[in-house]
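# Report on the structure
Okay, here's what each chain looks like letter by letter:
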Amino acid sequence: MEDITELLDRWHAGDAAAFETLVERVYAELRRIADGVLRGERAEHTLQPTALVHEAYLRLTGLRELKLQNRRHFYGAAAKAMRRILVDHARHRRALKRGGADVRHVPIDEARDAVEAGLDLGFDIERLDQALGALATVAPDKARVVELRYFAGLSVEETASLLEVAPATVKRHWAFARAWLYRELADSP
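Structural notes, computed from the coordinates.

Definitions and limits used
- Residues numbered from 1 in each chain as written.
- Predicted model: local features only at pLDDT ≥ 70, side-chain atom pairs only at ≥ 80, totals over all residues.
- Heavy atoms only, no water.
- Phe/Tyr/Trp six-rings, centres within 6.5 Å; stacked < 30°, edge-to-face > 60°.
- Lys NZ or Arg CZ within 6 Å of the ring centre and 35° of its normal.
- Helix = DSSP H or I, 4+ residues; strand = E, 2+ residues; numbered from the N terminus.
- Contact = heavy atoms within 4.5 Å.
- Polar contact = N/O pair within 3.5 Å; in protein donor to acceptor, adjacent residues only side chain to side chain.
- Expected span 1.5 Å × (residues − 1).
- Buried < 20%, exposed > 50% of the residue type's maximum accessible area, 1.4 Å probe, protein only.
- Arc of directions from axis to C-beta.
- Core = buried A, V, L, I, M, F, W, Y, C linked by side-chain atoms within 4.5 Å.

Before going further, it helps to examine the packing of aromatic side chains. For the coordinates displayed, the defined rule picks out zero aromatic pairs. Lying across the ring of Phe-176, Lys-142 places its NZ or CZ 5.2 Å from the centre. For Arg-149, the ring lying beneath its charged end belongs to Trp-174, and the centroid distance is 4.7 Å.

So, on to the environment of Asn-70. By secondary structure assignment, the location of Asn-70 is in the loop between α3 (49-61) and α4 (71-97). In this structure the C-alpha to C-alpha distance between Asn-70 and Asp-3, which are 67 residues apart in sequence, comes to 9.0 Å. Apart from residues lying up to four places away in sequence, Asn-70 is in contact with Ile-4, Thr-5 and Leu-8.

On to the side chain of Arg-127, then. Within the fold, Arg-127 resides in helix α6 (residues 125-138). From its side chain, Arg-127 meets the backbone oxygen of Leu-185 in a polar contact 2.4 Å long.

For the rest of this paragraph, the subject is the environment of Val-145. Following the sequence through the fold, Val-145 ends up in helix α7 (residues 140-151). Along the backbone, Val-145 and Ala-160 are 15 residues apart, and their C-alpha atoms lie at a distance of 8.7 Å.

A word on α3. Across its 13 residues, α3 extends 18 Å between first and last C-alpha, which sits within 8% of the 18 Å expected from 1.5 Å per residue. Burial in α3 covers these residues: Pro-49, Leu-52, Val-53, Ala-56 and Leu-60. One side of α3 holds all its buried residues, which, seen down the axis, span an arc of 95°.

The next thing to look at is the nonpolar core. As a rule of thumb, soluble globular proteins bury nonpolar side chains together. Ranked by internal contacts, the top residues of the largest apolar core, which has 53 residues, are Leu-22, Leu-30, Phe-74, Leu-135, Phe-151 and Leu-181. Counting only elements with at least two residues in this core, the list comes to α1 (4-12), α2 (16-39), α3, α4, α6, α7, α8 (156-163) and α9 (167-187). Counting residues per element, this core draws most heavily on α4, which supplies eleven residues.

Before going further, it helps to spend a moment on the environment of Gly-153. Relative to the assigned elements, Gly-153 resides in the loop between α7 and α8. Separated by 124 residues in sequence, Gly-153 and Glu-29 have C-alpha atoms that sit 9.2 Å apart.

Below you can see the structure in the form of structure tokens.
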């Protein structure tokens, strides 16, 4: 089985079939991630997991000039793409509802626990995105852990492997980020 890094190298060298093979290899994983992330959104969510993965695919195909270097970089780009798609979708939905008065604000740790348990919270993805952007300015490594754990659905061990750090470091960063985001989300309107 070809390595993700090798497929990325072939794609950057101009082999369009390499990207297709790459997507076939990771599609099931991206779909699992999309299922988990969308469970954290409202039950009446109009964005389906397949649509989220396909939109992420379209955004990733435009990244040839970015040169995704390895598995870590690919999953990071996929997490960012899914985050942007969800935020864009939430903004569009909110614009349609003129303020989205039915949005319930939920702390990040409660949202993550609920997603893992398969519960519907209907939390505000835009506020999470803003808070995560603020966290990235003061602690980019911790914001990256949130992106990979929450938006890419990776476990502590998978996140540690991709970031090339110890699982204990990921756990510390995750705990810090949850506390920081909780405070940020609780303090904002």
